[in-house]
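One-letter residues, chain by chain:
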Amino acid sequence: MSTDTDPDPVRNWENWHERRIASVSAPHGPLSLTGTHWLSEYPEGRIPAVPGVWRDRVDDVSVTAGAGDGITVDGRPLTGEAVLTADRGPIGGSRVAHGGRRLVVMRREGLWAVRDFDPDSPARRAFVTVEATPYDPRWVLPGRFRPYPESRTVRVGNADGRERGLGLAGELAFSVDGTEHTLGAAVEPDGSLWAVFADATSGLTSYRFRFLRPSPPAADGTVTVDLNRVLLPPCAFAEHFICPFPPPGNTLSIEVPAGERNVVVR
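Residues numbered from 1 in each chain as written. Predicted model: local features only at pLDDT ≥ 70, side-chain atom pairs only at ≥ 80, totals over all residues. Heavy atoms only, no water.

> I'm lost on the overall build of the chain in this one. Help?
What the chain contains, in helices and strands, is two helices and 17 strands. Scaling as 2.2 N^0.38, a compact globule of 266 residues should have a C-alpha radius of gyration of about 18 Å, and the chain matches this with 20 Å. Counting contacts in the chain only where the partners sit at least 6 residues apart, residues at least 24 apart contribute 60% of the total. As presented, the chain carries roughly 13,000 Å² of accessible surface, and 51% of it is formed by carbon and sulfur atoms. Separation of charge centres in the chain, based on 29 positive and 34 negative side chains, amounts to 3 Å. (Helix = DSSP H or I, 4+ residues; strand = E, 2+ residues; numbered from the N terminus. Rg over C-alpha atoms; globule rule 2.2 N^0.38 Å. Contact = heavy atoms within 4.5 Å. Areas by Shrake-Rupley, 256 points an atom, 1.4 Å probe, with all protein chains shown as cover. Lys, Arg positive; Asp, Glu negative; His and termini not counted. Charge placed at Lys NZ, Arg CZ, Asp CG, Glu CD.)

Structure, rendered in structure tokens:
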């Protein structure tokens, strides 16, 4: 969802693209993720390359550390035990740090994990830019969001090889060259939409799937579908993300040669 106020759509898109590059390459952006460690896989509490002892307490997580571990919690050195819940804010503001690294607690479908964000990650050092197609007004389309009578959850594969539930609240419809296409979409807390989709360019001239995030629909369901702002998923930047694959029905038969296409590395 854009916050640009520049009335020129080309400059507006260019500003958006520049901000996006700055965001993904930030010290604790997606390029810095070096691991997602599920605590169920480490019953003894020791995660390789992550200091401290981490334990799943069902409703929360504990971390125990000594002075030599170099862990801080809320900016203070940890010597003893701290009880943690899932981090909700920006990565750079996570409660647990180890030098410049951020150790982020997360929970998915009842399972706890620790994510390690390291500004000195190989992916961040190798990053050059995000390849994206320049703005083309042909890909700004009128659309309509049709809510389902009840939200539904579908099971889909994820980038880490596991299958998880993906919540969908309705159908996003738009037409390209006179043919209507639809995507199952979720509604975000701010009212904006989120769709995971593939198209005829996926895995060829663009990443294997991408994200579309239109602004909140109007009261009558109308919404602008700006395919110039199609996004690469986090797992395009680091393999340790657990991005969902497109659900059934979200693979378009057409090419969408617009928006972000691939990550360019050295």
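That shown, we press on.
> Please clarify how the pattern of salt bridges should be interpreted in this entry.
Side chains that differ in sign of charge can pair as their charged atoms come close. For the coordinates displayed, the defined rule picks out 16 salt bridges. With a closest N to O distance of 3.8 Å, Arg-155 and Glu-163 form a salt bridge. Exposure remark for Arg-155: the relative accessible area of 46% places this residue in the partly exposed category. Residue classification places Glu-163 among the partly exposed residues on the basis of a relative accessible area of 49%. (Salt bridge = Lys/Arg side-chain N within 4 Å of Asp/Glu carboxyl O. Buried < 20%, exposed > 50% of the residue type's maximum accessible area, 1.4 Å probe, protein only.)

> What should I look at first to understand the environment of Gly-66 in this one?
Mapped onto the secondary structure, Gly-66 falls in the loop between strand E3 (61-65) and strand E4 (71-73). Gly-66 sits in the partly exposed class, given a relative accessible area of 27%. Contacts of Gly-66, omitting those with residues within four sequence positions, involve Leu-78 and Thr-79.

> What exactly am I supposed to notice about the sheet that holds strand E1 (residues 33-38) here?
One open sheet holds the six strands; their spatial order is E1-E9-E8-E7-E4-E5, and the pairing between them is antiparallel. With one partner strand each, in any of the chains shown, E1 and strand E5 (76-77) form the two edges of the open sheet. Here E1 pairs with strand E9 (residues 111-117) via five bridges, running antiparallel. Within E9, the position partnered with Thr-36 by the bridge is Arg-115. (Pairing = 2+ DSSP bridges.)

> Could you clarify how one ought to interpret helix H1 (residues 9-24) in this entry?
Every α-helical turn comprises 3.6 residues, leaving residues that sit three or four positions apart pointing alike. The end-to-end C-alpha distance of H1, which contains 16 residues, comes to 23 Å, matching closely the 22 Å that a straight helix rising 1.5 Å per residue would cover. Those residues of H1 not exposed but buried are Asn-12, Trp-13, Trp-16, His-17, Arg-20, Ile-21 and Val-24. For H1, the secondary structure elements touched by its buried residues are strand E10 (127-132) and strand E17 (260-265). With a side-chain oxygen positioned 2.9 Å from the backbone nitrogen of Val-10, the residue opening H1 is Asp-8. (Expected span 1.5 Å × (residues − 1). Polar contact = N/O pair within 3.5 Å; in protein donor to acceptor, adjacent residues only side chain to side chain.)

> Sorry if this is basic, but what is going on with the nonpolar core here?
It is characteristic of soluble globular proteins that their nonpolar side chains tend to be buried jointly. Val-130, Phe-209, Phe-211, Phe-237 and Phe-241 are the most contacted members of the largest nonpolar core, which has 29 residues in total. Counting residues per element, the ones that place at least two in this core are H1, E10, strand E11 (140-157), strand E12 (163-176) and strand E14 (193-197). Take this core: its biggest share by element is four residues, from H1. When sequence neighbours within four positions are dropped, the list of residues in contact with Phe-241 reads Pro-30, Leu-33, Arg-115, Phe-117, Ala-159, Asp-160, Pro-234 and Cys-235. Counting 21 residues, the second largest nonpolar core, distinct from the first, contains Leu-141, Ala-169, Val-223 and Ala-258. (Core = buried A, V, L, I, M, F, W, Y, C linked by side-chain atoms within 4.5 Å.)

> I'm lost on the packing of aromatic side chains in this one. Help?
Aromatic rings considered in pairs are described by the distance between their centres and by the relative angle of their planes. Under the defined criterion, the tally for this structure stands at six aromatic pairs. Ring centres 6.0 Å apart and planes at 45° place the aromatic pair Trp-13 and Trp-16 in the tilted group. Of this pair, Trp-13 and Trp-16 are both found in helix H1, three residues apart, which corresponds to roughly one turn of the helix. Here Trp-13 and Trp-16 have matching classes, each one buried. The interplanar angle of 55° and the centroid separation of 5.7 Å between the aromatic rings of Tyr-207 and Phe-209 together place this pair among those described as tilted. Accessibility classification places Tyr-207 together with Phe-209 in one group, the buried group. These aromatic residues form a ring-pair network of at least three members: Trp-194, Tyr-207, Phe-209, Phe-211 and Phe-245. (Phe/Tyr/Trp six-rings, centres within 6.5 Å; stacked < 30°, edge-to-face > 60°.)

These figures capture arrangement, not role.
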